Amino acid sequence: MRGLYIHIPFCKKICNYCDFTKRVPKDKSMIDEYLLHLKEELLTYKKYFDSIKTIYIGGGTPTLLDIDELKVLFDMLKDFKNIEEFTIEINPETLTKEKALLIKEAGVNRCSIGVKSL
Ligand code: SF4
């Protein structure tokens, strides 16, 4: 296994043309719970961590996560040591300077930037 895709299925609003798996979070606990289960699932693949070369975080709208939620997300990815390409989808309307710095510090080296309907 060489690539890891992580889906963040949350959007501020649902676009009627969109086929991706997504939902508008009812509240913060819904995102927290998702991140918790994501971490649990990720750990079941621990034996593959060293073979992973690419990580892609898509959605949904990954940058809809607030700074603390993004920290939780990146923290669960810190044990991947052989990443050559690390991508996150960014919606500029949900990006702050603080989030951009965190994304850079986390080792992301490629951004897919889209302006989606919020
Ligand atoms: S923001 Fe993007 S992922 Fe979310 S519903 Fe719209 S097109 Fe789909």
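Some words on unusual backbone geometry
- Cis geometry marks the peptide bond from Gly59 to Gly60, where omega comes out at 20°.
- Within the fold, Gly60 resides in the loop between β2 (54-59) and α2 (67-75).

Some details on the sheet that holds β2
- The strand order across the open sheet built from four strands is β1-β2-β3-β4, with neighbouring strands paired in parallel fashion. Edge positions in the sheet fall to β1 (3-8) and β4 (110-113), since each has one partner strand and no second. Sheet twist, expressed as the mean angle between neighbouring strand axes with direction ignored, is 20°.
- One ladder, built from six bridges, connects β1 with β2; its direction is parallel. Residue His7 lies in a different strand from β2, and its bridge partner there is Gly58.

A short note on the nonpolar core
- The biggest cluster of nonpolar side chains holds 16 residues, and the ones touching the most others in it are Ile55, Ile57, Leu65, Ile88 and Val108.
- Sorting the residues of this core by element identifies β1, β2, α2 and β3 (85-90) as the ones contributing at least two each.
- The leading source of residues in this core is β3, at three residues.

Here we look at the packing of α2 against helix α3 (residues 97-105)
- Relative orientation of the contacting elements α2 and α3 amounts to 5°, with a least axis distance of 10 Å. Considered as vectors, α2 and α3 are oriented roughly parallel to each other. In contact with Ile67, Leu70, Lys71 and Phe74 of α2, α3 contributes Glu98, Lys99 and Leu102.
- Split into classes, the residues belonging to the contact of α2 with α3 amount to four nonpolar, no polar and three charged.

Calculation rules
- Residues numbered from 1 in each chain as written.
- Predicted model: local features only at pLDDT ≥ 70, side-chain atom pairs only at ≥ 80, totals over all residues.
- Helix = DSSP H or I, 4+ residues; strand = E, 2+ residues; numbered from the N terminus.
- Pairing = 2+ DSSP bridges.
- Axes fitted to C-alpha atoms, helices over the stretch in contact; angles between N-to-C directions.
- Core = buried A, V, L, I, M, F, W, Y, C linked by C-beta atoms within 7 Å.
- Buried ≥ 20, exposed ≤ 12 C-beta atoms within 10 Å, placed from the backbone.
- Parallel < 35°, antiparallel > 145°, perpendicular 65-115°, else oblique.
- Contact = placed C-beta atoms within 7 Å.
- Nonpolar A, V, L, I, M, F, W, Y, C, P; charged D, E, K, R; others polar.

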